[in-house]
Amino acid sequence: MIRSVIVGSGSALPQRVVDNAEMAKMVDTSDEWIVERTGIRSRHIAGEGETTSTLATDAARAALEMAGIDPASIGLIVLATATPDQTFPATATLVQDALGCNGCIAFDVHAVCSGFLYALGCADSMLRSGMAKRALVIGAETFSRILDWDDRTTCVLFGDGAGAVVLEAQECADESAPGILATSLHADGAHNQLLFVDGGPSTTGTVGKLRMKGREVFRHAVVNLADVLREVLEATGYTAADLDWVVPHQANARILDATARKLDLPAEKVIVTVDRHANTSAASVPLAFDTAWRDGRIKPGDLVMFEAMGGGFTWGACLVRI
Ligand code: UT7
């Protein structure tokens, strides 16, 4: 049996850090409101010369370095983003060219905040079916470029960044071997007006700005995430008590708490970076994973659950043995 094993991870953040006090100078908000409602204290915001592809390339380089893998041996790049450098070509091809692994498969996946889960699902299927041996799976965003900086209900919530993992197809001896064990993905277009961008190439011919009915999104997020986590646990025969870590999409500390409570998961098992990164959409799960792997919390052999929910709606979860 072949499994897709995570053999390296990396991340990249823009240089500029914007804290809540600075946000309060731009819109009618306060550090107190943002921390109490979201857990966010600061976020990184891309400056001149920093784009989705440059952040993605830096994260991918760090992941390749950790894995000790030459970019030339990468056969597949799947990049999740809702904020590509250009409408086309795919940002994955810009990253490919920067890394010098020209010729391999490279494409973008668009599932907003669940993008990394969708990208991981695609790459895992393609590796297990033999289309490639090694893949770079990247989540990268510059949401600051699609925010309405006059709208306090959204602009305080998001940040920029990128995270990446290197996946390698490995023959596994038994059930306890490392690799992706199960992935479950969902979408429901009926809710697309609760979280969307009011522009696009085929409608307005502009990029548009992010719009969100936060309270409604919150309600759906807690229910959908708890359901999909249970689904993946049932598919693999594990229980919430077996998990070493949950690496959730970092949208709001209250969503993380509510989801953990629904599953009876101790809060100490949930990786939290929303305080420093805010919501980086498709980048948030690999950014949080890389943070916890590099600081030594996540170790080889650990059972780790990734989960995310976002615009579309889209949502998903993935169980991995490290
Ligand atoms: O990544 C994709 C998934 N996204 C999410 O999961 C986001 C989900 N939603 C949320 O995280 C929360 O709903 C928010 C953080 C967006 C909002 O928190 P909330 O507790 O649901 O607040 P609310 O929208 O119900 O607003 C409460 C009040 C309102 O004032 P009134 O109408 O009660 O007078 C808002 O106008 O807070 C006000 N408010 C603010 N006040 C200060 C909204 N934004 C701000 C702000 N600063 N930045």
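Data block above holds the structure.
Because the structure is predicted, anything quoted here is derived from the model rather than measured. (Residues numbered from 1 in each chain as written. Predicted model: local features only at pLDDT ≥ 70, side-chain atom pairs only at ≥ 80, totals over all residues. Heavy atoms only, no water.)

Caption draft 1: Seen up close, the site of the ligand. The full set close to the ligand counts 24 residues, and Thr29, Arg37, Arg215, Asn252 and Asn279 are the nearest of them. Between His249 and the ligand, the recorded distance is 2.9 Å, taken from a side-chain N or O atom to an oxygen atom. Bound to the protein, the ligand loses 76% of the 960 Å² it would expose on its own. Of all the secondary-structure elements, those providing two or more residues to the shell around the ligand are helix H2 (31-38), helix H6 (152-155), helix H7 (214-236), helix H8 (253-262) and strand E12 (303-310). It is H7 that contributes the most residues to the shell around the ligand, 4 residues altogether. (Near = heavy atom within 4 Å. Polar contact = N/O pair within 3.5 Å; in protein donor to acceptor, adjacent residues only side chain to side chain. Areas by Shrake-Rupley, 256 points an atom, 1.4 Å probe, with all protein chains shown as cover. Helix = DSSP H or I, 4+ residues; strand = E, 2+ residues; numbered from the N terminus.)

Caption draft 2: Looking closely at the sheet that holds strand E13 (residues 314-321). One open sheet accounts for 4 strands, arranged E8-E13-E12-E11; its pairing is mixed. Each edge of the open sheet carries a strand with a single partner, namely strand E8 (179-187) and strand E11 (245-248). On average, each strand axis in the sheet is inclined to that of its neighbour by 15°, with strand direction left out of account. By the bridge criterion, 8 bridges tie E8 to E13 in an arrangement that is antiparallel. Opposite Leu185, over in E13, you have Gly316 as the bridge partner. The sheet strands contacting H7 are E8, E12 and E13, and the helix crosses E12 at an angle near 145°. (Pairing = 2+ DSSP bridges. Axes fitted to C-alpha atoms, helices over the stretch in contact; angles between N-to-C directions. Contact = heavy atoms within 4.5 Å.)

Caption draft 3: Up close: the packing of aromatic side chains. Considering all chains together, one arrives at 4 aromatic pairs under this definition. Ring geometry for Phe116 and Phe306: centres 6.3 Å apart, planes at 80°, overall edge-to-face. Note that Phe116 is positioned in helix H5 (residues 115-128) and Phe306 in strand E12, a separation of 190 residues in sequence. Ring pairing ties together the aromatic residues Phe116, Phe289, Trp293 and Phe306, which thus form one cluster. (Phe/Tyr/Trp six-rings, centres within 6.5 Å; stacked < 30°, edge-to-face > 60°.)

Caption draft 4: Structural context of the environment of Gly189. Topologically, Gly189 is positioned in the loop between E8 and strand E9 (195-197). Under the relative-accessibility criterion, Gly189 is labelled partly exposed at 46%. Placed 101 residues apart in sequence, Gly189 and Phe88 show a C-alpha to C-alpha distance of 23 Å. (Buried < 20%, exposed > 50% of the residue type's maximum accessible area, 1.4 Å probe, protein only.)

Caption draft 5: Looking closely at the sheet that holds strand E1 (residues 2-12). Strand order in the open sheet formed by 5 strands is E1-E7-E6-E4-E5, and the pairing between neighbours is mixed. Of all the strands in the sheet, the pair left with one neighbour each is E1 and strand E5 (105-109). Pairs of neighbouring strands in the sheet enclose a mean axial angle of 20°, with direction left out of account. In the packing of helix H4 (residues 91-99) onto the sheet, the strands contacted are strand E4 (76-80), E5 and strand E6 (134-142), and the crossing angle to E5 comes to about 140°. Across the face of the sheet, H5 comes into contact with E1, E4, E5, E6 and strand E7 (160-171) while running at roughly 165° to E6.

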